[in-house]
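Residue strings, one per chain:
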Amino acid sequence: MASKLHPVQERIAKAHGSQCGFCTPGIVMSMYALLRNNPQPSMHDVQEAFQGNLCRCTGYRPILEGYRSFTKDGGCCGGKAQSNGCCMTNEHTQEHDSSTLPAQKLYDQSEFMPLDPTQEIIFPPELMSLSKQPQRELRFAGERVLWIQPCSLEELLELKATYPNAKLVVGNTEVGIEMKFKNLFYPVILAPAYIPELNIIQNTQDGIQVGASVTLTVLGDVLRAAVKKLPAHQTEVFKAVLEQLRWFAGQQIRNVAAVGGNIMTASPISDLNPVFMAASCKLTVMSKGEKHVIEMDGKFFPGYRKTILKPEEILLSIEIPYTRKGQYFSAFKQSPRKEDDIAIVTCGMNVFFKEQSNIVQSIRISYGGMAPVTVLATATCNRLLNRQWNEELLEEACTSLAEEMSLSPSAPGGMVTYRRTLTISLFYKFFLNVQHKLSLDLLKEGVTVEDVRPEYATATELFQLDSPSSVQLYQAVPPGYSDDVVGQPIMHLSALKQATGEAIYCDDIPCYENELHLALVTSTKAHALIKSIDTSDAMAVPGVVAFISAKDIPGSNMTGPVVYDETVFADDKVTCVGHIVGAIVADTQAHAQRAAKAVKISYEELQPVIVTIQDAIANKSFFQPVRSIERGDVAQGFKDSDHILHGEMHIGGQEQFYLETNCTLAVPRGEDGEMELFVSTQSASKTQALVAKALGVSANRVVCRVKRMGGGFGGKESRSTILSTVVAVAAHTVKRPVRCMLDRDEDMLVTGGRHPFFGHYKVGYMNNGRVMALEVTLYSNAGNSLDLSLSILERALFHMDNSYNIPNIRATGYVCKTNLPSNSAFRGFGGPQGMMIAESWMSDVALSCGLPAEEVRRMNMYKEGDFTPFSQRLDNFTIDRCWEECMQLSDFNKRKDAVEQYNRQHRWTKRGLSIIPTKFGISFTAVFLNQAGALVLVYSDGSVLLTHGGTEMGQGLHTKMVQVASKTLGIPCSKIHITETSTNTVPNTSPTAASASSDLNGMAIYNACQTLLQRLQPYKDKNPKGCWEDWVKAAYFDRVHLSANGFYKTPDLGYDFETNSGRPFNYFSYGVAVSEVEIDCLTGSHKNLHTSIVMDVGKSLNPALDIGQVEGGFMQGLGLFTLEELRYSPDGYLYTRGPGMYKIPAFGDIPIELKVSLLRDAPNEKAIFSSKAVGEPPLFLAASVFYAIKDAITAARAESNLTGPFRLDSPATPERIRNACEDKFTKLVCSNFHC
Ligand SMILES: Cc1cc2nc3c(=O)[nH]c(=O)nc-3n(C[C@H](O)[C@H](O)[C@H](O)COP(=O)(O)OP(=O)(O)OC[C@H]3O[C@@H](n4cnc5c(N)ncnc54)[C@H](O)[C@@H]3O)c2cc1C
Ligand code: FES
């Protein structure tokens, strides 16, 4: 460890804000940069600083809480709290049963080192002095690219005349993407970032002139200063630009991206161009010897990503105009995620009224996202001239926009109905905004026009990120047991190393001297025969050593975690886009990747191409067997029911998006076929076995070592083995170490994710909401191989009841075989999909009965001793307790009244509330996997080296296992160390999965420690006053064996689908969540206002880690159910390959108020030290957000007299929310277009 930590590093670690740690250095640097610029930031500044950072593990709350300590807001609730968590913690503690112990802190803020800005390193003066020296032209000639940085405008224009096709690059945020991901190649690049004329900022008579190289951060600063200084009516456009900049990428991008770069990229979804176009900004354009000014109008973008500038011309500057009295301007951006996301529709709207009137003199509306270029709604604007700004104008404008802003049903980008509706909805927002401002302004001049109705007012408000607050409650270790490390909120043992960046991940392993890099060659067709592979161009790329394919495999090319139904390298046929066909090994990653792209494969396409579940159903493309579970008399149940309803739901897939992508380093040992693998995997033994199979050697020749992963979430349970096998085969072939860490787009292309599910159901129920009978059919989209899909479907079936007791039930499940990369394990493993469909029919029943959903849910809930449809008795059933506590914690009844009142008072924003339980079965459903081993080595100095079968992926398994060993051996954690997981210490390990790793490995460690304790007992007896070291030393000199193996298998497991008998699970984890949301009915955006979670984790081994799992799992569920969307073309090509297109929750998505409570006094006799599994169960609780959204939509639909059940698929994206909130605007689009 570094000798001195910076407070920024210390606080994220101690606040439990680092789990896998892969995001941590990036977050540390964002916070550090903020503090260097602003030593006393506000909480809002902190949130803004993190707009460009992502974390997939923590759920963000602990990071924000830890860093709140730096803010002037002064910690929780304005500084009232003494330590972490919320000042409300103590209040709530008091509300609990007096027999319980007070809640303790998860960390002690008073231990934090103070931040002393005077001690920061200074910017090197030598570098500062360089900036004063005269600029010189810089030239860098690379292998393929010439990069020139001219130092004057003349030089730049001269160069542009010489190289008219040269690319200008300022921030490189667009060109960089084009070169890396779109395969575009620019041999000459000109960098004009420091040319003074391109950095000009000057006030002109008509506005502010801004040089094209001015960064967006600087532009924001300049406009903010102008808004402060100038009269409000003059800065309408400036405010609109600022509003767009608020949601433009993240701080890191805004710091380097230039305004000219945004204009000249000519993206149809540029955020600034619609504003500049609606404001008629003036652009100064120059070439050698020529300069002219043009207006940004409808002709400026003649085609997709084109401007009217000639190749030799450059953009010099833009003039952003002042506005006048009587002029109003707004800008809107609608994107799937609020922070750092690209727009779906974006617009600028500009209206000018005749003096002292509400009569339109001129109007200009511009949209992005509605055509291949930024467009003006000229026809609509012409129709509005000389009209009064009133309801008739609104109607005319909307009808006209519905006609003018049309899209073909197959328009690129999809979401056609939504985008068309948005053009109208956003205009409506503008209309209300202007109506309000105009009425106030005219009133001052003695003219009265109608103001906005109070219930419409929220439609004019801008989306704001509120500062989050949180509460965490857990049962502390009783006084007197403070030496007992189990139950203490100990920090993740690697957290400090992760914060300083010293923690070693797979790709951090230093390069071997003769190491090579590997890049994958993958299929571009979803279903085709390979006719030929031409590697001649690839082999000509410098540094390329070999092309590896199926013919290089010495053993078997067939692989797979359960059945060997897939190939390491496609042989003659590909069955998905991204199917691995071969690999290039070269001296560098760049050469390998370039060569991989140069491999030419010719195909003969095959039919059918099956992409969706619906395609699979139509083609009867299923893996076998079809699974079913049945209990009771379903036909009779339907007969006895008062009503029957039918429904359907589709749940989209999800990308694991571990921040560390798949990585393997394979090192051939040079003798006896030995191969050493360093891998980021959850399955060391499976990797070992499958690599050995491909290499044609026995498993004892292959060692797989795993230090830690930068996240796994199931994605590295089986899918990582293919990459490891490919890399191992390559290393074997070239007889040199080979490394491959996939880029994000490659990782998303070749590995599958969570299975999309489709369910249809028939429910029989009584008038009071009691469900009598259920028939449900589930389909999962498995992709092109079976992988773990059968077990995943089985788990979905085991969870199809969620927490409800349905007397007569029949469920059938089909695993669909499609032409997508094989879908696989992802936190929850099918359970969330099964439960989600249960909540869909539960919601339908409540809506059709007209009863409160919480009452219907409560009435149907299991009770202690009930049996599940798979005949397992529910013992120690704690959902009732979680439910009651969650109702209290969230103040449910009061909240519900407030929601209803809010909804009566607001037409265009609605709130919704929901309470959802979860019951999650713990055990691998494949019985043989429920085993674990451990090896405990005690050295003669008393230090202990612990090894077990589980891998560390951020969840804190190693920390918990050290705690278990510490408690069992009775020694401090500091004496115990875990270096890694490896197949040569503990054999035949099960994957670290199914939430069961603490249970299984914990027991194995416990058993090993017990063996050691027995061996040491004579020495303790001989020397009772001695210490651990004394006993160990004495035993050593007495020649006692000081290492021990431990083993554990879960007893009494096994379920038979044929007879519906046996026990699939060792026990169940339970939890309940309440969530409240607010939706914007016009745009479909939503805000997560509140979430309370009560989770039964038994007697927590480590409350800080367990709360981390609850919050992190919840946030992943939030992504699954409200945000994350994988989009494919009809021929199976994944569009959403990377963080630009695929959006996981960001800092701004966490509930504004988040309360997490670990259920007290709930020991679980079935697991180590009475604990319970926690990794997966909380994820489903995010369904409470989905159903709160559905509740809000129900309120919106009621305004249009729509009642009763309606279908809402998951995720509840803005598109789905907006389309479900049917109103006059959606009707207008639909009447114009066949929805
Ligand atoms: C993570 C991420 C998030 C993003 N988010 C957003 C967003 O929210 N909204 C949005 O609109 N865009 C977004 N972008 C796109 C991009 O950041 C912007 O378009 C940005 O303004 C480009 O500026 P740049 O200086 O980086 O351009 P560069 O990549 O350097 O150049 C872009 C183009 O402009 C040309 N160019 C630059 N200067 C001149 C000049 N003076 N004369 C002629 N041509 C010139 C270049 O030749 C090139 O074709 C995002 C990009 C990334 C990577
Ligand atoms: S801790 Fe943030 S991604 Fe793992």
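Within an unreviewed UniProt entry, the label attached to the protein reads xanthine dehydrogenase, and the organism entered is Cyprinus carpio. Under Sequence similarities (unreviewed entry), UniProt gives the following word-for-word description of the protein: "Belongs to the xanthine dehydrogenase family." Entered under Subcellular location (unreviewed entry) in the UniProt record, the comment concerning the protein runs "Peroxisome".

Colleague: Provide a residue-level description of the overall build of the protein, including the pertinent values.
Modeller: Along its length, the protein carries 37 helices and 42 strands. Viewed in the frame of its principal axes, the protein has a C-alpha envelope of about 100 × 75 × 65 Å. Relative to its 1235 residues, the protein shows a buried fraction of 62%. Sequence separation of at least 24 residues holds for 77% of the intrachain contacts in the protein that already meet a minimum separation of 6. Carbon and sulfur atoms form 52% of the exposed surface of the protein, whose accessible area is close to 45900 Å².

Colleague: Pulling in residues and values, what's your account of the sheet that holds strand S27 (residues 702–706)?
Modeller: With respect to topology, eight strands assemble into an open sheet ordered S17-S21-S15-S28-S25-S26-S27-S36, the strand pairing being mixed. Two strands lie at the open edges of the sheet, namely strand S17 (544–548) and strand S36 (981–982), each paired on one side alone. Pairing between strand S26 (residues 675–679) and S27: four bridges, direction parallel. What sits directly across from Leu677, in S27, is Cys704. Helix-sheet contacts for helix H24 (residues 720–734) involve strand S15 (516–522), S17, strand S21 (580–586), strand S25 (663–668), S26 and strand S28 (738–741), and the interaxial angle to S25 is about 30 degrees.

Colleague: A description of a nonpolar patch on the surface should follow, citing residues and the corresponding values.
Modeller: A cluster of nonpolar residues, Phe123, Leu127, Met128 and Leu130, forms a patch on the protein surface that exposes about 400 Å² of accessible area. Structurally, the position occupied by Leu130 is in helix H7 (residues 125–130).

Colleague: Can you break down helix H32 (residues 997–1022) residue by residue, with the values?
Modeller: With 26 residues, H32 extends 37 Å between its outermost C-alpha atoms, agreeing within 8% with the 38 Å of an ideal straight helix rising 1.5 Å per residue. Taking the largest bend as the criterion, H32 deviates by roughly 45 degrees, centred on Leu1016, and proline Pro1018 comes between one and four positions later.

Colleague: Mind laying out the packing of helix H23 (residues 684–695) against H24, listing which residues take part and the relevant values?
Modeller: Helix-helix packing is described using two parameters, namely the angle between the two axes and the distance between the axes. Running from N to C, H23 and H24 cross one another at 40 degrees; their axes reach a closest spacing of 9 Å. By the criterion of interaxial angle, the relationship of H23 to H24 is oblique. Considering how the two elements wind past one another, H23 and H24 form a crossing that is right-handed. Each of Lys686, Thr687, Leu690, Val691, Ala694 and Leu695 in H23 lies in contact with H24, whose residues at this interface are Thr721, Ser724, Thr725, Ala728, Val729 and His732. Broken down by class, the residue content of the contact of H23 with H24 amounts to six nonpolar, five polar and one charged.

Colleague: How would you summarise the site of ligand 1 if you had to cite specific residues and measurements?
Modeller: Ligand 1 sits among 29 residues. The nearest are Lys167, Leu168, Val170, Thr173 and Asp271. Contact between ligand 1 and Gly171: an oxygen atom at 2.8 Å from a main-chain N or O atom of the residue. The separation between a nitrogen atom of ligand 1 and a polar main-chain atom of Leu315 is 2.9 Å. Of all the secondary structure elements, the ones that give two or more residues to the shell around ligand 1 are strand S3 (167–168), helix H9 (175–181), helix H13 (259–265) and strand S9 (314–321). Ranked by the residues each element gives to the shell around ligand 1, the list is headed by H13, at four residues. Of the residues that constitute the shell around ligand 1, the class distribution is 16 nonpolar, seven polar and six charged.

Colleague: If you had to explain the packing of helix H34 (residues 1103–1122) against helix H35 (residues 1183–1199) to someone new, which residues and values would you point to?
Modeller: For the pair H34 and H35, the least separation of the axes is 8 Å and the interaxial angle reads 40 degrees. Viewed along their axes, H34 and H35 adopt a mutual orientation that is oblique. Residues Phe1114, Leu1118, Phe1121 and Thr1122 of H34 touch H35, and the partners they reach there are Ala1183, Ser1184, Val1185, Phe1186 and Ile1189. Considered class by class, the residues forming the contact of H34 with H35 number seven nonpolar, two polar and no charged.

Colleague: Kindly report on unusual backbone geometry, identifying the contributing residues and their values.
Modeller: Look at the link from Gln607 to Pro608: it is a cis peptide, with omega at -5 degrees. Within the fold, Pro608 resides in the loop between strand S22 (600–605) and helix H21 (613–619). Phi at Asn386 takes a positive value of approximately 60 degrees, unusual for a residue other than glycine. Structurally, Asn386 is set in the loop between helix H15 (378–384) and helix H16 (391–404). At Phe829, a residue that is not glycine, the phi angle is positive and equals roughly 55 degrees. In this fold, Phe829 is placed in the loop between strand S31 (808–817) and helix H27 (831–849).

Colleague: Lay out the pattern of salt bridges with the relevant residues and their values.
Modeller: Inspection of every chain in the model, using the stated rule, returns 60 salt bridges. Between Asp537 and Lys600 there is a salt bridge; the shortest N-O distance is 2.4 Å. Placement of the pair is Asp537 in helix H19 (residues 536–540) and Lys600 in strand S22, with a sequence separation of 63 residues.

Colleague: Residue-level account of the confidence of the model for the protein, with values.
Modeller: Taken as a whole, the protein shows an average pLDDT of 95; of its residues, 97% reach a score of 70 or greater. Scored below 50 in pLDDT, residues 76–102 makes 51 contacts in the model with residues more than four places away or belonging to other chains.

Colleague: I'd like to hear about the UniProt feature "domain: FAD-binding PCMH-type" (unreviewed entry) in the protein, residue by residue, with values.
Modeller: Per the UniProt record, "domain: FAD-binding PCMH-type" (unreviewed entry) is found at residues 140–325. The span residues 140–325 shows a helical share of 33% and a strand share of 21%, and its end C-alpha atoms are spaced 52 Å apart.

Colleague: Describe in detail the pairing of strand S1 (residues 138–141), supporting the description with residues and values.
Modeller: Pairing of S1 with strand S2 (residues 146–149), which is carried by four bridges, proceeds in the antiparallel orientation. Pairing of Arg139 across the sheet is with Ile148, part of S2. Adjacent in sequence and paired antiparallel, S1 and S2 are bridged by four residues.

Colleague: I'd like a description of the sheet that holds strand S42 (residues 1153–1158), backed by residues and values.
Modeller: An order of S14-S42-S41-S40-S32 is seen for the five strands of this open sheet, with the pairing classed as mixed. Either end of the sheet is taken by a strand with one partner, and the two such strands are strand S14 (469–473) and strand S32 (909–922). For this sheet the average axis-to-axis angle between neighbouring strands, irrespective of direction, equals 10 degrees. Note: S32 against strand S40 (residues 1067–1080), 14 bridges, orientation antiparallel. Its bridge partner lying in S40, Ser914 is registered against Ser1075.

Colleague: Report on the UniProt feature "binding site: FAD" (unreviewed entry) in the protein, specifying residues and quantitative values.
Modeller: Per the UniProt record, the feature "binding site: FAD" (unreviewed entry) sits at Leu168, Val169, Val170, Gly171, Asn172, Thr173, Glu174, Val175, Phe248, Asp271, Leu315 and Lys333. The annotated residues occupy 166 residues of the chain and do not converge on a single region, their most distant C-alpha atoms lying 27.3 Å apart. Checked against the element boundaries, Gly171 lands in the loop between S3 and H9. Those residues in contact with Gly171, other than ones at most four positions away along the chain, are Val256 and Ala257. When sequence neighbours within four positions are dropped, the list of residues in contact with Phe248 reads Leu216, Arg254, Asn262, Asp271, Leu272 and Lys333.

Colleague: Give me the side chain of Ser724: which residues, what numbers.
Modeller: Tracing the sequence through the fold places Ser724 in helix H24. Given the relative accessible area of 0%, Ser724 is considered buried. Every residue in contact with Ser724, bar those within four places of it in the chain, is listed here: Thr664, Leu677, Val679, Thr687 and Val691.

Colleague: Quick rundown of H35? Include the residues and the values.
Modeller: Between its first and last C-alpha, H35 extends 25 Å over 17 residues, near the 24 Å set by a 1.5 Å rise per residue. Burial analysis of H35 places 13 of its 17 residues in the buried class, which makes it a mostly covered element. Directly after H35, the chain includes Asn1201, whose backbone phi takes a positive value near 60 degrees.

Colleague: Let's hear about the packing of aromatic side chains: which residues, and what values?
Modeller: The full count for this structure, using the stated rule, is 41 aromatic pairs. Ring geometry for Phe1186 against Tyr1187: centres 4.8 Å apart, planes inclined by 70 degrees, an arrangement best described as edge-to-face. Look at Phe1186 and you get buried, because its relative accessible area is 0%. Here a set of aromatic residues connected by ring pairs shows up, and it is made of Phe798, Tyr862, Phe870, Phe877, Tyr1055, Phe1057, Phe1065, Phe1068 and Tyr1070. The aromatic ring of Phe352 is capped on one face by Arg324, whose charged end is 4.0 Å from the ring centroid. Above the plane of the ring of Trp247 lies Lys338, whose end atom (NZ or CZ) is 5.4 Å from the centre.

Rules of the game
- Residues numbered from 1 in each chain as written.
- Chains lettered and ligands numbered in written order.
- Predicted model: local features only at pLDDT ≥ 70, side-chain atom pairs only at ≥ 80, totals over all residues.
- Heavy atoms only, no water.
- UniProt positions renumbered as here; feature names shortened; annotations may be inferred.
- Helix = DSSP H or I, 4+ residues; strand = E, 2+ residues; numbered from the N terminus.
- Buried < 20%, exposed > 50% of the residue type's maximum accessible area, 1.4 Å probe, protein only.
- Contact = heavy atoms within 4.5 Å.
- Areas by Shrake-Rupley, 256 points an atom, 1.4 Å probe, with all protein chains shown as cover.
- Pairing = 2+ DSSP bridges.
- Axes fitted to C-alpha atoms, helices over the stretch in contact; angles between N-to-C directions.
- Patch = residues over 30% accessible without salt bridge, like charges linked within 9 Å, V, L, I, M, F, W, Y side chains within 5 Å.
- Salt bridge = Lys/Arg side-chain N within 4 Å of Asp/Glu carboxyl O.
- Expected span 1.5 Å × (residues − 1).
- Bend = angle between axes of the 7 residues up to and from the residue.
- Parallel < 35°, antiparallel > 145°, perpendicular 65-115°, else oblique.
- Left-handed = near helix turned anticlockwise from the far one by under 90°.
- Nonpolar A, V, L, I, M, F, W, Y, C, P; charged D, E, K, R; others polar.
- Near = heavy atom within 4 Å.
- Polar contact = N/O pair within 3.5 Å; in protein donor to acceptor, adjacent residues only side chain to side chain.
- pLDDT = per-residue confidence, 0-100.
- Phe/Tyr/Trp six-rings, centres within 6.5 Å; stacked < 30°, edge-to-face > 60°.
- Lys NZ or Arg CZ within 6 Å of the ring centre and 35° of its normal.

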